[in-house]
Amino acid sequence: MPNERQETLKEKLRELMDQLLSPSEVELDDIKKEIWEDLSALYYKYEAEDQKRAFREVMYEITDRINKGKWDSVYKRIYRQEQKSKTY
């Protein structure tokens, strides 16, 4: 029969494992920062005002679909574009 000390140790190990295995808020923030950096690089990749406008319109279209609960349509379009680029 385990004693109180063993139970305490087991509980601490469980807590440690939960912390190690579950995603932390810091990691999420780091990922979000990377995404903003990628978007910034993409936006400034384009030099002409028409290109920048097209970028903004695509971002608006994505935002509009997500706000309407249509993330799946955004994902499918991104996925199709990725598949097209792999075939060439």
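Because the structure is predicted, anything quoted here is derived from the model rather than measured.

A. Here's a closer look at the packing of aromatic side chains. This model, assessed by the stated rule, comprises three aromatic pairs. One aromatic cluster is present, built from ring pairs that chain together Y43, Y44 and F55. A cation sits over an aromatic face here: K52 above Y43, 4.3 Å from the ring centre.

B. Geometry of the packing of helix 3 (residues 49-67) against helix 4 (residues 71-87). Contact pair helix 3 / helix 4: the axes reach a minimum separation of 7 Å and the direction vectors enclose 140°. With respect to helix 4, the axis of helix 3 lies oblique. Counted together, E61, I62, R65 and I66 of helix 3 and W71, S73, V74 and R77 of helix 4 form the full contact between these two elements. For the contact of helix 3 with helix 4, the class distribution of residues is four nonpolar, one polar and three charged.

C. How the structure looks around a nonpolar patch on the surface. Where nonpolar side chains cluster on the molecular surface, the patch consists of L9, L13, L16, M17 and L20 and spans about 500 Å² of accessible area. With respect to the helices and strands, L9 occurs in helix 1 (residues 4-21).

Quick notes on the rules
- Along each chain, the written sequence defines residue order, and numbers are assigned to residues from 1.
- For a predicted model such as this one, the threshold for reporting local features is a pLDDT of at least 70, and the threshold for listing and counting side-chain atom pairs is 80 or more; totals across whole chains, interfaces and linings nevertheless cover every residue.
- To get the side-chain values, all heavy atoms of the structure are used, and hydrogens and water are removed first.
- Planes of paired rings set the category: under 30 degrees apart is stacked, over 60 is edge-to-face and the rest tilted, where pairs are Phe, Tyr or Trp rings (Trp by its six-membered ring) whose centres lie within 6.5 Å.
- As a reminder, the over-ring test applies to NZ of lysine and CZ of arginine, requiring each to be within 6 Å of the ring centre and within 35 degrees of the ring normal.
- Each axis is a line fitted through C-alpha atoms, taken for helices only over the stretch in contact, and angles between the N-to-C directions span 0 to 180 degrees.
- Labels follow the DSSP assignment, with helices taken as runs of H or I lasting at least four residues and strands as runs of E lasting at least two, numbered in each case from the N terminus.
- Angles below 35 degrees are treated as roughly parallel, those above 145 as roughly antiparallel, those between 65 and 115 as roughly perpendicular, and all remaining angles as oblique.
- By the convention used here, residues are in contact when the closest approach between their heavy atoms is within 4.5 Å.
- Residue polarity is assigned by list, with Asp, Glu, Lys and Arg as charged and Ala, Val, Leu, Ile, Met, Phe, Trp, Tyr, Cys and Pro as nonpolar; anything else, Gly included, falls into the polar class.
- In this scheme, patches are assembled from residues that exceed 30% relative accessible area and form no salt bridge. Like charges are connected within 9 Å, while nonpolar side chains (Val, Leu, Ile, Met, Phe, Trp, Tyr) are connected within 5 Å.
- Only the protein chains shown count as cover for residues, and the accessible areas themselves come from Shrake-Rupley with a 1.4 Å probe.
- Throughout this description, the term salt bridge denotes a Lys or Arg side-chain nitrogen within 4 Å of a carboxyl oxygen of Asp or Glu.

Shape is all these values report; function is a separate question.
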